[in-house]
Amino acid sequence: MKRKVGYTWRLREIMDDQRIYTATELVPLLREIGIDLSASQVHRLVSGTPERLSLQVMSALCDILSCTPADLVATTAENAGVRKTATSDLPTPPAGIEKLRPRRARILPDA
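**Observations regarding the environment of Pro28**
At step 1: As for its position among the elements, Pro28 is in helix H2 (residues 23-33).
At step 2: We classify Pro28 as partly exposed; its relative accessible area is 42%.
At step 3: Note: C-alpha distance between Pro28 and Ala39 (eleven residues apart in sequence) is 9.7 Å.

**Quick look at the nonpolar core**
Across soluble globular proteins, nonpolar side chains have a tendency to be buried as a group.
At step 1: Ranked by internal contacts, the top residues of the largest apolar core, which has 23 residues, are Leu11, Leu26, Leu30, Val42, Leu61, Leu65 and Leu72.
At step 2: Sort the elements by how many residues they give to this core and helix H4 (residues 55-65) lands first, with seven residues.
At step 3: Excluding its chain neighbours within four sequence positions, the residues that come into contact with Val42 are Ala23, Leu26, Val27, Leu30 and Leu37.

**A word on the packing of H2 against helix H3 (residues 39-47)**
At step 1: Where H2 contacts H3, the two axes come as close as 9 Å, and the packing angle between them is 115 degrees. At the point where H2 passes H3, the crossing takes the right-handed sense. Where H2 approaches H3, its residues Ala23, Leu26, Val27 and Leu30 are matched on the opposing element by Ala39, Val42, His43 and Val46.
At step 2: Class assignment for the residues of the contact of H2 with H3 results in seven nonpolar, one polar and no charged.

**As for the confidence of the model for the protein**
At step 1: This prediction gives the protein a mean pLDDT of 86; 89% of its residues lie at or above 70.
At step 2: The weakest mean pLDDT in the protein belongs to strand E2 (residues 73-79) at 87; the strongest belongs to H4 at 94.

**Some thoughts on the pattern of salt bridges**
At step 1: Evaluation of the coordinates by the stated rule reveals two salt bridges.
At step 2: Measuring nitrogen to oxygen at the nearest pair gives 3.1 Å for the salt bridge that ties Arg10 to Glu13.
At step 3: What makes Glu13 partly exposed here is its relative accessible area of 41%.
At step 4: Residue Arg31 pairs with Asp36 through a salt bridge whose shortest N-O separation is 2.8 Å.
At step 5: Among the residues examined, Asp36 registers a relative accessible area of 59% and is labelled exposed.

**Re the state of the cysteines**
At step 1: Scanning the entire structure with this criterion turns up zero disulfides.
At step 2: Looking at the unpaired Cys62, the closest cysteine sulfur is the one in Cys67, lying at 4.3 Å.
At step 3: Overall, Cys62 belongs to the buried group, its relative accessible area being 9%.
At step 4: Judged by relative accessible area, Cys67 falls into the buried class, the value being 13%.

Here is what the cut-offs are and how they apply
Residues numbered from 1 in each chain as written. Predicted model: local features only at pLDDT ≥ 70, side-chain atom pairs only at ≥ 80, totals over all residues. Heavy atoms only, no water. Helix = DSSP H or I, 4+ residues; strand = E, 2+ residues; numbered from the N terminus. Buried < 20%, exposed > 50% of the residue type's maximum accessible area, 1.4 Å probe, protein only. Core = buried A, V, L, I, M, F, W, Y, C linked by side-chain atoms within 4.5 Å. Contact = heavy atoms within 4.5 Å. Axes fitted to C-alpha atoms, helices over the stretch in contact; angles between N-to-C directions. Left-handed = near helix turned anticlockwise from the far one by under 90°. Nonpolar A, V, L, I, M, F, W, Y, C, P; charged D, E, K, R; others polar. pLDDT = per-residue confidence, 0-100. Salt bridge = Lys/Arg side-chain N within 4 Å of Asp/Glu carboxyl O. Disulfide = S-S within 2.5 Å.

Below, the structure is given as structure tokens:
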């Protein structure tokens, strides 16, 4: 059975817990650690869900916010549903449909 995995980026929630409310407040804190990101890059980290993230940035965020990577990224995994096929969506035939089908023709030789 296939599994569907996903994740939730929780940076905004963790920042709120630490009383950091804007991305611009996070920029100088990252610079103190040696992570030089532009304000727009930090804004994208805070407001969106990144697909890729440097481990240095992740560890810097964890250090600044006093949290673990598991706090920043909540993972989910669930069994994927069975795919429906075209035949399973067809309606059931009405009762007595066999009577409507033609009978096989019998061909006799010319006498």
